[in-house]
Amino acid sequence: MKPYFQQLAIAVFALVSTTLFSQDFSALQYRTVGPQRGGRVTTVTGTPVLPGTFYLGASGAGVWKTDDYGTTWNNISDGFFDTPSIGAIEVALNDPNIVYVGTGSDGLRSNIISGKGMYKSIDAGKTWNHIGLKNAGQIGAVEIDPTNSNIVWVAAIGDAFKANEERGIYKTTDGGTTWEKMLHISNTTGFADLELLPGNPNIVYAAAWKAQRTPWTIISGGENSEGGIYKSVNGGKDWIKLETGLPQGLIGKIDLAVSAVDSSILYALIEAPGKEGGVYKSVDQGKSFVQTSNNIGLVNRPFYYINIELDPTNPDIVYSNANPLLKSMDGGKSWKRMTVPHGDNHDIWLNPNNPDLLIQCNDGGANVSHNGGKTWSSQFNQPTAEIYQVAVDDQYPYWIYGAQQDNTTIAIPSSAPSGTSAQGTQVMIEVGGCETGPSIPKPGNHNIVYNNCKGRFSVYNKITGVGREYSIGASNIYGHNPKDLKYRFQRVAPVHVSPHDPDVVYMGSQFVHKTRNDGVIWETISPDLTAFEADKQVNSGSPITRDITGEEYYSTIYSIRESKIKKDLIWTGSNDGVVSLTQDGGQTWTNVTPKKMPKGGRVESIEPSQFNPAKAYISVDRHLLGDPAPYFYKTEDYGKTWELLTNGVPSDYTSKVLREDPKTAGLLYAGTEYGMFVSFNDGQKWESFQQNLPVTPITDIIINRGDLVLSTMGRGFWVLDNITSLRNPSMVSLKDTPVLFQPDNTIRYRTPRRDKGFPNYPTTGVLIDYYLPKDGKNNVQLEILDANKQTIATIISDSTKMKSSKEEVDNMSLSMSFSYFDTKLETKKGLNRFQWDMRQKGAWSDNKSRSYKNGPIVLPGRYTVKLTVDKETYEQPFEILVDPRLAEEGIDETIITEHLAFENKVLDLLTDARKFQSDLEAQIKKSKGTKKESLESVLKTIKNDEGAYPQQMLVPQIAYLSYIVGGVDKIPGQEEVARLKDLQQQLNTVKQQAQLN
């Protein structure tokens, strides 16, 4: 007989696998939570016509625009671009509405995202059209003919990971309708840059570059015949290679700059061996060159940097973007370091009418300067962070952890961390480690965070701010040939906490290591679990520049997971394509790599099933080998056999991560290079689950407290609140009958008033999902019932029904029920979501839109939601739970109940007083003479005078008591109780004076 959990998994799978399902999930919206801290930006530009307008192109976040000198940035490529990787942006000189973008950034990191061709806008970025060159790969430069914006040139580097014939120089004369390849060297040599000669755009310079990434090395450069500078004087029909004064041997990446005020001057920043690398200058349009500097800072990590720009008004002022940003005032002979908000610099643009107004970009974002770089605009207004992984802690509300490329580790709250959190302000802390991560909070003690930093393990204490490093091997592995290392660690070496014991932590080199005491003592519990092919163990960086940061260390463990349902059952995956398993805590290991899986891929994620110990899922990434196809696999027999699960995922959507829902077997979530997918039948078919999520790589997924939490390589963290409805079996068989899904239990948080700013913290509410088989504009209604089945609130979809509803409410007098119309109560065909704010009836107001709204949060307890569609009704139960933090204050349900009863008394009095005031004012309008004077005298005792700082009279005083009583759970204060009695007496007194009845 099969164990119960296996029977459950089989039963659920059988249920969901019978239906091929396609659903519109637009009602389920993701929200970004930050960080609002800039990530890697590879290109920037501006327009002299609009001096406050600038554009940035990020490596994983698309195109952003500012109209206010960098004070605020807004994404303008979402919904139009098929890739978030940007290589070049150019604005037409004669028309700032015309913008061309080349996708595919030119800094060939291992996590670079592929380009998808060219885009064009004719309305300054409001809308975009794809205009070709889809297979050109990474685009190094785009240049627009200043005399004709339909003539555009493109330098295509090519596919970063394999040879392709589309490398070359392209030109269009019809605005992108057609393209002609003007220059091609080979399928391994592309072009990193091109420049048009000012005053004569038929003269063109192009910089050839042989470049390719593999998982184990960086190829930047080649023989002289495979690179160098080319020139055309007839619009690209013919080309000559410029050689005089330039390196004659190996040559790598090159960037060019032509003076806007003296077209005879041409600069070239060149990667070449030894002292040959540096800046070269020509004063005769390239006929000959002289090296002006071999400063090593100019060619630091050339595959990643190499960018030279000139002051548009002075050819002797030269900028070099690398690490650091350098500036020359003497034509490239001597260089001084410039201070910018962040290191790792990539591009700079200076306004030709005012070169002190400029924009510069780096791995921390883009920044604008008005004074030539003395001061800069903020980079904390660009939510473009590249995050490697995601983890959560067990606080209330939970916090989200990860490591930001080129920055620090971070932890940010998933929702407002307190009821008084400042809105529009990012709450963020660093939690040790460094840019690579992961950062894993310890279960049961979120103040302890386990970190990896490029292979170095540390334990961080958030209270003291101290990180204690206990690295395996205690050795700096930078700069080594991996074959010589005792322990080979990837920069993002995995750290995994045992789900059975929070004191047990695993970490991966080529071995699995285990500690029980925060790294003080490590034990190795496995042999080498990688393929370890000798020809892949090399010094990274060839043939010119070494670059050994651990990013190219091949044959390392990349993922580790221990089963949550079977202790000592541990799965591992390496970055060279090996999957391994132990069932006895590491005493014995078995290679369980899928036999039909192409070799060499990176096992990005492993997901042991939470229903069946023999079952697991893996995600394998082979894009570094030139294969962008997705590879998701499943085993149900401890890795003896595997099944490929890619039906429904596009063929170039590289697989990144796969996670299993912890509550429902067969419900899977997958992240790819270009977005999210969901499967309801254990991976047999995938559906897009993108909704409002921007196109960007999904690097990791975690399901926590009913939320789907994502990390992305370019847009920070995202949260999809409450996925409970996805777990309902009805989700896969929605047809002709309305369905009300059971809401998840909701914690009764008190959150600050919502702000339109960043981050997007949600207000507290019960998320109610329902399906409508057809549009139901005027026939949908929700009711909230308490444990006694008494109606608390009624929300209707038809505003024309409000008149009768309002009369009904008024006639209920002090009943807690009320009705209201809400435009957010969607009635469209398909899946819908409504957030009930958990508030009961508030005080009456003569403002109809506010009357009875914003009442107190209801008590914790059991509730029912009732959906009415036409005359049919559907009900689902749910619970509202006490905020766990209140227990620390000694606030329990008894106190909350007592407080709410008191608050309702205050609200009843406020309603009574406001209605009395309304009646009194109506009576005054009808009265004359002494009667009118008498009533006006009474009105003055309850209503404030007009003007500044009036004395607060009776009705405002009752409203003030309501204010100080509401918004918090507490024992009613003695003074508040006494004040209520006093105000009740005062109201009774003025009623007697008015004698309205």
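Here the structure is shown first, and the text comes after it.
Residues numbered from 1 in each chain as written. Predicted model: local features only at pLDDT ≥ 70, side-chain atom pairs only at ≥ 80, totals over all residues. Heavy atoms only, no water.

Caption draft 1: Representation of the overall build of the protein. From N to C terminus, the protein includes six helices and 64 strands. Over its C-alpha atoms the protein spans a radius of gyration of 33 Å, differing by no more than 12% from the 30 Å that the globule rule assigns to 997 residues. Residues classed as buried in the protein amount to 61% of the 997 residues present. Here the protein contributes 100 positively and 111 negatively charged side chains, and the mean placements of these two sets differ by 3 Å. (Helix = DSSP H or I, 4+ residues; strand = E, 2+ residues; numbered from the N terminus. Rg over C-alpha atoms; globule rule 2.2 N^0.38 Å. Buried < 20%, exposed > 50% of the residue type's maximum accessible area, 1.4 Å probe, protein only. Lys, Arg positive; Asp, Glu negative; His and termini not counted. Charge placed at Lys NZ, Arg CZ, Asp CG, Glu CD.)

Caption draft 2: Up close: the packing of helix H3 (residues 893–926) against helix H4 (residues 929–942). Packing of H3 against H4 leaves a shortest axis separation of 10 Å and a crossing angle of 150°. In this view, H3 runs roughly antiparallel relative to H4, as classed from their interaxial angle. Crossing of H3 against H4: the hand is left-handed. From H3, Phe916, Gln917, Leu920, Glu921, Gln923 and Ile924 reach across to H4, where they touch Lys932, Leu935, Glu936, Val938, Leu939 and Ile942. A breakdown of the residues in the contact of H3 with H4 according to their chemical character gives seven nonpolar, two polar and three charged. (Axes fitted to C-alpha atoms, helices over the stretch in contact; angles between N-to-C directions. Parallel < 35°, antiparallel > 145°, perpendicular 65-115°, else oblique. Left-handed = near helix turned anticlockwise from the far one by under 90°. Contact = heavy atoms within 4.5 Å. Nonpolar A, V, L, I, M, F, W, Y, C, P; charged D, E, K, R; others polar.)

Caption draft 3: Spotlight on the sheet that holds strand E10 (residues 138–144). Strand order in the open sheet made by the four strands is E10-E11-E12-E13, with antiparallel pairing throughout. The strands lining the two open edges of the sheet, one partner per strand, are E10 and strand E13 (180–183). Across the sheet, the mean angle from the axis of one strand to that of its neighbour is 30°, orientation sign disregarded. Taken together, the three bridges between strand E12 (residues 168–172) and E13 define a ladder with antiparallel strand orientation. In the strand pairing of E13, Ile169 is matched with Leu183. (Pairing = 2+ DSSP bridges.)

Caption draft 4: Quick look at the pattern of salt bridges. One pass over the structure, following the stated rule, counts 49 salt bridges. A salt bridge links Lys656 to Glu604; the nearest nitrogen and oxygen atoms lie 3.9 Å apart. Residue Lys656 is located in strand E49 (residues 655–660), and its partner Glu604 is located in strand E45 (residues 602–608); the two are separated by 52 residues in the primary sequence. Look at Lys656 and you get buried, because its relative accessible area is 8%. (Salt bridge = Lys/Arg side-chain N within 4 Å of Asp/Glu carboxyl O.)

Caption draft 5: A look at the pairing of strand E21 (residues 278–282). Within E21, five of the five residues are buried, which leaves it mostly tucked inside the rest of the structure. Pairing of strand E20 (residues 266–270) with E21, which is carried by five bridges, proceeds in the antiparallel orientation. Bridging across to E21, Ile270 finds its partner in Gly278.

Caption draft 6: Spotlight on the sheet that holds strand E58 (residues 766–772). Read from one edge to the other, the open sheet built from three strands follows the order E56-E58-E62, with strand pairing classed as antiparallel. On the outer flanks of this sheet lie strand E56 (739–740) and strand E62 (830–836), each paired with one strand and no other. Bridge count between E58 and E62: seven bridges; the pairing is antiparallel. In the sheet register, Asp769 faces E62, and the bridge partner there is Arg833.

Caption draft 7: Structural view of the packing of H3 against helix H5 (residues 954–965). The interhelical angle for the contact between H3 and H5, taken along N-to-C directions, is 160°, at an axis separation of 9 Å. Classed by the angle they form, the pair H3 and H5 counts as roughly antiparallel. Here H3 runs over H5; the crossing is left-handed. Residue-level inspection shows His899, Phe902, Glu903, Val906, Leu907, Leu909, Leu910, Ala913, Arg914 and Gln917 of H3 in contact with H5, the latter providing Val955, Ile958, Ala959, Leu961, Ser962 and Val965.

Caption draft 8: Spotlight on the pairing of strand E2 (residues 41–46). Among the six residues of E2, six are classified as buried, and the element is accordingly described as predominantly covered. Examined bridge by bridge, E2 and strand E3 (residues 54–58) share five bridges and lie antiparallel to one another. Note that in E3 the partner of Thr43 across the bridge is Gly57.

Caption draft 9: Here's a closer look at H5. The terminal C-alpha atoms of H5, which comprises 12 residues, lie 17 Å apart, in line with the 16 Å expected from a rise of 1.5 Å per residue. Every buried residue of H5 is accounted for by Leu954, Val955, Ile958, Leu961, Ser962 and Val965. One side of H5 carries all its buried residues, which in axial view fall inside an arc of 120°. Where the residues of H5 are buried, they touch H3, H4 and helix H6 (974–994). Positive backbone phi, approximately 80°, marks Gly967, located one or two places after H5. (Expected span 1.5 Å × (residues − 1). Arc of directions from axis to C-beta.)

Caption draft 10: Highlighting the state of the cysteines. Scanning the model with the defined rule gives one disulfide in all. The residue that forms a disulfide with Cys434 is Cys453, at a sulfur-sulfur distance of 2.0 Å. When the S-S torsion is 100°, as for the bridge of Cys434 with Cys453, the disulfide is right-handed. Highlighted residues: Cys434 in the loop between strand E32 (409–413) and strand E33 (439–442) and Cys453 in strand E34 (residues 445–453), separated in sequence by 19 residues. (Disulfide = S-S within 2.5 Å.)

Caption draft 11: Focus on H6. Here H6 contains 21 residues, and its C-alpha end-to-end distance of 31 Å stays within 8% of the 30 Å for a straight helix at 1.5 Å per residue. For H6, the secondary structure elements touched by its buried residues are H3, H4 and H5. Just downstream of H6, Gln995 is the residue with a positive phi angle, here 45°.

Caption draft 12: Geometry of the side chain of Glu552. By the secondary structure assignment, Glu552 is in the loop between strand E40 (522–524) and strand E41 (557–562). Judged by its relative accessible area of 4%, Glu552 is buried. A polar contact is formed between the side chain of Glu552 and the side chain of Ser540, at a distance of 3.4 Å. When near neighbours in sequence (up to four residues on either side) are disregarded, Glu552 contacts Arg213, Pro215, Trp216, Thr217, Ile218, Gln490, Ser540 and Asp547. (Polar contact = N/O pair within 3.5 Å; in protein donor to acceptor, adjacent residues only side chain to side chain.)

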